[in-house]
Amino acid sequence: MKFGICMYVARGVHLAQRGESMRSKIIVFAALIPMILAACNLPSGAAGQGGDFDAVSTYAAQTVAASVNQNQPTATSQPIEQQPGAQGTGGAPTATSQPPQAGQPTATSIPCNRASFVEDVTVPDNASIVVGKAFIKTWKLKNVGSCAWTSGYSLVFDSGDQMGGPASQQLTNGTVAPGQTIEISVNLVAPNSPGTYKGNWKLKDPNGAIFALSTGPFWVQIKAAAAPDWPTFKKGDSGNEVYAIQYLLVHHGQTPAVDGIFGNETQSEVEDFQTVKNLKEDGIVGPETWQNLIVAVKQGDTGPAVRAAQQLLKGKFGFNAVTVDGIFGPVTAQAVKDFQSSKGIASDGIVGPITWQKLIND
């Protein structure tokens with residue numbers, strides 16, 4: 001009996017492997033296998049010691065599953081179709097940008113009206129000017145536009161402190177072609193109160209279009225200073241200050257002997273100068289006479305007024321590197337800057353009213 005059952009099972013397995021039974025019959029048959037094989041001699045690896053029923057069932061199920069799987073079709077991989085434009089042969093060509101041609105200029109547009117700043121010819125930024133004193137501001141500008149500046153162009157006040165300047169004035173009587181420079185001057189007056197003042201200016205073309213530098217307006221900026229206290233010199237005095245008075249008188253066309261002694265001749269020359277300037281003719285150099293005698297001097301200037309400043313720098317304040325030769329060169333300019341720094345005033349190297357007052361009064 002046991003042998004017959006086992007033969008029947010073997011026959012069923014054989015039929016399953018040949019695919020001669022329907023899938024549903026195989027499943028039913030697989031369910032009966034555990035009970036039938038209990039009496040069969042199985043491999044020790046499947047039955048185990050003691051006839052483990054679960055192991056028998058598992059072995060039988062695996063045997064049937066293997067038979068079923070052998071009859072299933074095997075999936076085969078499909079060939080991959082190459083995408084157009086991919087690397088390799090057969091792809092569509094990829095469009096590429098053409099490199100720029102060498103030597104091709106890039107077109108740029110130069111505006112009709114534009115100026116560039118060259119330099120402050122007079123009155124640099126933060127120059128000290130006595131309150132209420134008239135002065136002339138001069139800029140040098142360059143025409144960097146594409147249109148010539150003609151007599152129809154104007155200098156116009158833009159904003160800030162006008163300082164007595166005009167709202168508008170003619171720029172030139174001639175023509176300033178593109179690439180040329182022009183010096184533009186305007187008459188101004190320092191405000192009556194001490195402080196820093198700044199006025200912005202622009203240009204205007206004949207059609208009324210306002211323009212200036214590429215960065216904005218150009219300007220004048222000053223420090224209005226209170227009228228300084230001036231010492232008084234008269235007949236009988238001598239020294240470096242008297243030398244300065246005599247040099248300044250020569251600058252204004254008078255002819256005193258320059259010897260540092262305030263004698264009769266110097267007194268007479270002072271009186272003549274006071275007459276020319278409509279001042280009180282007393283032969284005494286006081287505040288009003290001083291303010292009419294002094295003139296601003298800077299590097300590059302020459303003459304008796306430069307000698308006056310050099311005499312005070314060297315003879316009174318010990319700047320021995322300075323030569324009293326009437327030439328305002330680099331050595332004199334540096335001495336002026338050092339002196340200004342020591343006195344706590346703007347170190348611009350220009351001998352203006354404040355610097356003169358410090359040179360004479362201190």
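All values derive from a computational prediction rather than experimental measurement. Every chain is numbered independently, its residues counted from 1 as its sequence is written. Residues qualify for local features only when their pLDDT is at least 70, as the model is predicted, and side-chain atom pairs are given and counted only at 80 or more; totals for whole chains, interfaces and linings, by contrast, use all residues. In computing side-chain properties, one takes all heavy atoms of the structure into account and sets aside hydrogens as well as water.

Asker: So what exactly am I meant to see when it comes to the overall build of the protein chain here?
Answerer: On a plain count of helices and strands, the protein chain comes out with 10 helices and nine strands. Only protein chains enter the accessibility calculation, which uses a 1.4 Å probe. A residue is then buried if its area is under 20% of the maximum for its type, exposed if over 50%, and partly exposed in between. Across the 362 residues that make up the protein chain, the buried fraction comes to 35%. Working definition of accessibility: Shrake-Rupley area with a 1.4 Å probe, residue cover restricted to the visible protein chains. A total accessible area of about 20,300 Å² is found for the protein chain, and carbon and sulfur atoms account for 52% of it. Numbering of helices and strands runs from the N terminus, with a helix taken as a DSSP run of H or I at least four residues long and a strand as a DSSP run of E at least two residues long.

Asker: Looking at this structure, how should I read helix H5 (residues 240-251)?
Answerer: Residue pairs three or four apart in sequence face the same way in an α-helix, which turns once every 3.6 residues. Expected helix span is taken as 1.5 Å per residue step, with the number of steps being one fewer than the number of residues. In this model, H5 (12 residues) spans 17 Å end to end at C-alpha, consistent with the 16 Å of a helix rising 1.5 Å per residue. Counting buried residues along H5, nine of its 12 residues qualify, which places the element largely inside the surrounding structure. Here a residue-residue contact requires only that any non-hydrogen atoms of the pair lie within 4.5 Å. Against helix H6 (264-276), helix H7 (287-293), helix H8 (304-316) and helix H10 (353-361) lie the buried residues of H5. Gly253 sits one or two positions beyond H5 and adopts a positive phi of about 95°.

Asker: Sorry if this is basic, but what is going on with the nonpolar core here?
Answerer: Soluble globular proteins tend to pack their nonpolar side chains together in the buried interior. In this structure, Ile245, Leu248, Trp290, Leu293, Val351 and Trp356 are the most contacted members of the largest nonpolar core, which totals 32 residues. Mapped by element, the contributors of at least two residues to this core are H5, H6, H7, H8, helix H9 (330-342) and H10. Nonpolar cores are built from buried Ala, Val, Leu, Ile, Met, Phe, Trp, Tyr and Cys residues. Side-chain atoms within 4.5 Å join them into one set. Counting 27 residues, the second-largest nonpolar core is a separate cluster that includes Trp139, Val186, Tyr197 and Phe218.

Asker: How should I be thinking about the side chain of Asp205 in this particular structure?
Answerer: Within the fold, Asp205 resides in the loop between strand S7 (195-204) and strand S8 (210-211). For the purpose of charge, His is not counted, nor are the chain termini; Lys and Arg are scored as positive and Asp and Glu as negative. Salt bridge, as used here, is a side-chain nitrogen of Lys or Arg placed within 4 Å of a carboxyl oxygen of Asp or Glu. It is Lys204 that comes nearest to the buried, bridge-free Asp205 among opposite-charge side chains, at 8.0 Å. Polar contact criterion, stated in full: a pair of N or O atoms within 3.5 Å, where within protein one must be able to donate a hydrogen and the other to accept it, and residues adjacent in sequence count only if both atoms are side-chain atoms. Of note is the side chain of Asp205, whose polar atom sits 2.9 Å from the side chain of Asn113. Leaving out residues up to four positions away in the same chain, Asp205 has contacts with Asn113, Gly152, Tyr153 and Phe211.

Asker: Would you mind going over the side chain of Gln310 with me for this structure?
Answerer: Within the element layout of this structure, Gln310 appears in helix H8. Setting aside anything within four residues of it in sequence, one finds Gln310 in contact with Gly315, Val322, Thr323, Val324, Asp325, Gly326, Ile327 and Thr332.

Asker: Help me understand the environment of Ser347, please; the structure alone is not making it clear to me.
Answerer: As for its position among the elements, Ser347 is in the loop between H9 and H10. Separated by 13 residues in the primary sequence, Ser347 and Gln334 place their C-alpha atoms 9.5 Å from one another. In this structure Ser347 touches Lys337, Gln340 and Ser341, once residues within four positions along its chain are discounted. For Ser347, the side chain forms a polar contact with the side chain of Ser341, separated by 3.4 Å.

Asker: Quick question: what am I supposed to make of the state of the cysteines here?
Answerer: Covalently bonding the sulfur atom of one cysteine to the sulfur atom of another cysteine gives a disulfide. By disulfide we mean two sulfur atoms from cysteines, separated by a distance within 2.5 Å. For the structure on display, the rule yields one disulfide. Across the disulfide from Cys112 sits Cys147; the S-S distance is 1.9 Å. An S-S torsion of about -125° defines the bridge between Cys112 and Cys147 as left-handed. Separated by 35 residues along the polypeptide, Cys112 in the loop between helix H4 (53-70) and strand S1 (115-120) and Cys147 in the loop between strand S3 (134-143) and strand S4 (154-160) bring together distant segments of the chain. The class for Cys112 is partly exposed, based on a relative accessible area of 32%.

Asker: Is there a simple way to think about the pairing of S3 in this case?
Answerer: A regular strand places its side chains so that they alternate between the two faces of the sheet. In the sheet, S1 pairs with S3 via five bridges, with the strands oriented antiparallel. Following the sheet pairing, Asp120 is matched in S3 by Trp139. In this structure, S3 lies alongside strand S6 (residues 181-189), joined through nine bridges in antiparallel fashion. Pairing of Thr138 across the sheet is with Ser185, part of S6. A pair of strands is labelled paired if DSSP reports no fewer than 2 bridges between them.

In short, the description is geometric, and any link to function would need to be established separately.
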